[in-house]
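# Coordinate inspection notes
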Amino acid sequence: MSSSNASPHRAAWADGFFATRDRMRAWIRAAIKRHRAIPYQGGHDEGTFISSWFGFHQLFGAPEALEFARFLRDGFADWSREQMLHGFYAEGEAHHQTEIFTFFLCRLWRVAPDDRTAELIVDAAHHVGNWVEGFPEWYDHAGHRFLSWRIGTRSIGGPSSRGYEVPDHFRLVQLALTAHDITGEQRYLDLSTAYAGRWADAILEAPVDEPPTVLRSGESAADEGEVFRAIGAHHHGGSPLERVEPHVPAGTVDVLLDLFAMTGEDRLAQAARRICEAMLGAGAHALRDPYSNPPGALLSRYRAETGDSSLDDAAIAQMQEGIEETLVGLDGILRLLERTRVSGYALAAHRLYVSLADNPFVDDRLEDAAQLYERLVGRRPGVGRREETPAMVIETLNRKPVAGIGKRQDMVRWAWEDHFGSLRPTHAPPPPTLMLAWQILGDERTATSALRTVADRMALASSALCDGRTHGCGGSSTGSVASGHGRDGGYGNVTGAFFPLAAGMIRRLCQEQPRVRFRRADGAEHLPESVASLVRSLPAAGAEVLLWNDADEPVSIDLALRNTPWRSVMLPPREVTEVELP
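What counts, and at which threshold
- Residues numbered from 1 in each chain as written.
- Predicted model: local features only at pLDDT ≥ 70, side-chain atom pairs only at ≥ 80, totals over all residues.
- Heavy atoms only, no water.
- Axes fitted to C-alpha atoms, helices over the stretch in contact; angles between N-to-C directions.
- Helix = DSSP H or I, 4+ residues; strand = E, 2+ residues; numbered from the N terminus.
- Parallel < 35°, antiparallel > 145°, perpendicular 65-115°, else oblique.
- Left-handed = near helix turned anticlockwise from the far one by under 90°.
- Contact = heavy atoms within 4.5 Å.
- Nonpolar A, V, L, I, M, F, W, Y, C, P; charged D, E, K, R; others polar.
- Phe/Tyr/Trp six-rings, centres within 6.5 Å; stacked < 30°, edge-to-face > 60°.
- Lys NZ or Arg CZ within 6 Å of the ring centre and 35° of its normal.
- Buried < 20%, exposed > 50% of the residue type's maximum accessible area, 1.4 Å probe, protein only.

## Here's the deal with the packing of helix α14 (residues 323-340) against helix α15 (residues 343-354)
Orientation of α14 relative to α15, taken along the N-to-C sense of each, is 155°, at an axis distance of 9 Å. Relative to α15, the element α14 is oriented roughly antiparallel. In terms of crossing hand, the pair formed by α14 and α15 is left-handed. Between α14 and α15, the residues in contact are T326, G329, L330, I333, L334, L336, L337 and T340 and Y345, A346, A348, A349, L352 and Y353, respectively. Here the residues of the contact of α14 with α15 sort into 11 nonpolar, 3 polar and no charged.

Below, the structure is given as structure tokens:
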């Protein structure tokens, strides 16, 4: 499925940009039609499927998305009065019962704050620090620890569920930090800083490739089965990344970086770096895993937030690992084929070729290999974006654990389909990894590949999958393709790649915030309809912005780096304009 509005005259990256924007807009409008007459049903993550819509509104303006979000918000408010006890679930746990807050209400507040959204968040946050009388206590202020993973306003976990903490407790800290943002009350920030500090110390004291996943108190009576469930270990297997994985859906890195930005406390940033570094460990392969979205997004946020680029070389090396050896092997097999004409060598060469075909890091030597293969075999290998069609596979039958970061059994799989209907799995790094490569290297090939891939995936998903309202953290929905499933921590193809590419967006207090802001001639802080943007964030500094004007006449646009003064730029028609924002 190629970009429906592709133009041979556009910059290649702009084609992917416009295709993604148009497919997101079409999905949002169609989903609203499907759901606007359905009352709120009470699912624990019923609003999270629209997580990517808030950033879309920030970029392009989508008032209908905000109107629908408020419809869901109001439905949740009415439902919660009947089903909840003082703003939170009577019984539950820190993983699922926080999702409606951190992935929906907190996002809505950050983009379109109002009193009703604020009240829902703050009512729930009261329980994080025992700030309302007559309910079970969740937190031990003296020990800076949560009393149980199983929490509720009627009861919390009993003796067998106490005395341990897991990364999921950072979701409660996210709730507290948003309450601080709403109220300005210091108690929320004090609790969050003290709690995150305990984890930061534990992470910094552990070996870099073994970050702790459980903090136990001396009186802990919780058995291994209880703890096993709480860390989400049933979602993954024996990968070297097994100890990093629970921190990703819990938002550990995001909370540490939020608090670093708010307090300037360096150990919080160093702990975030440790977790990012663990993703780059020997044998990890997280960045080049086709189904691992969060690593690229988290590393990008870390370098943008702290200005530390010391992990860049290791990141690029992991992305490119094995490419040189595969090219050398491919060349050697083709030479053997040339000398012997043994058909087995042709098959082996074809397999090596397709393992690199959709990888933007591969240079012109792959084309040289394709030409030699064609001369020897009589046909091209027949793979690549020009010869194949992107395809989506919905595979939910295999219930074995899925090793790695950002994985679950019911996630969709991506492939390429040739002219004969045969499928081959993709081997390319995921869009957030390619986004990170663009931020580090400034190589437009990586940004172009990421944008085209996101556009294709959103087209495939929105044409075949459910929206995700009934199971927001499931892996086979359009919402999960856009903003991640339950093990992605909110980093999907749109939130983890498109938004950072389009506006340098990074996560702040649950919601993506643009590093580069845009303003149209009518004063609206959105991109003009004819303009595509590609932002390269410079670590802890400015940004480089490429702008494409698709109109037949010049277009005026204002740009600003976060809250700096606006800068006016006139964009000539049908060409790229480069702007540096210091």
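There's more to say after this.
## Some points on the packing of aromatic side chains
The tally for this structure, following the rule as stated, stands at 26 aromatic pairs. Here a set of aromatic residues connected by ring pairs shows up, and it is made of Y40, F76, W79, F88, Y89, F101 and W138. Over the face of the ring belonging to Y491 we find R507, whose NZ or CZ atom lies 4.0 Å from the ring centre.

## Considering unusual backbone geometry
The residue N130 is not glycine, and still its phi comes out positive at about 60°. Considering the arrangement of structural elements, one finds N130 in the loop between α5 (115-125) and β1 (139-140). Residues other than glycine seldom take positive phi values, yet H144 does so here, at roughly 50°. With respect to the helices and strands, H144 occurs in the loop between β1 and β2 (145-146). On the basis of relative accessible area, H144 is assigned to the partly exposed category, the value being 32%.

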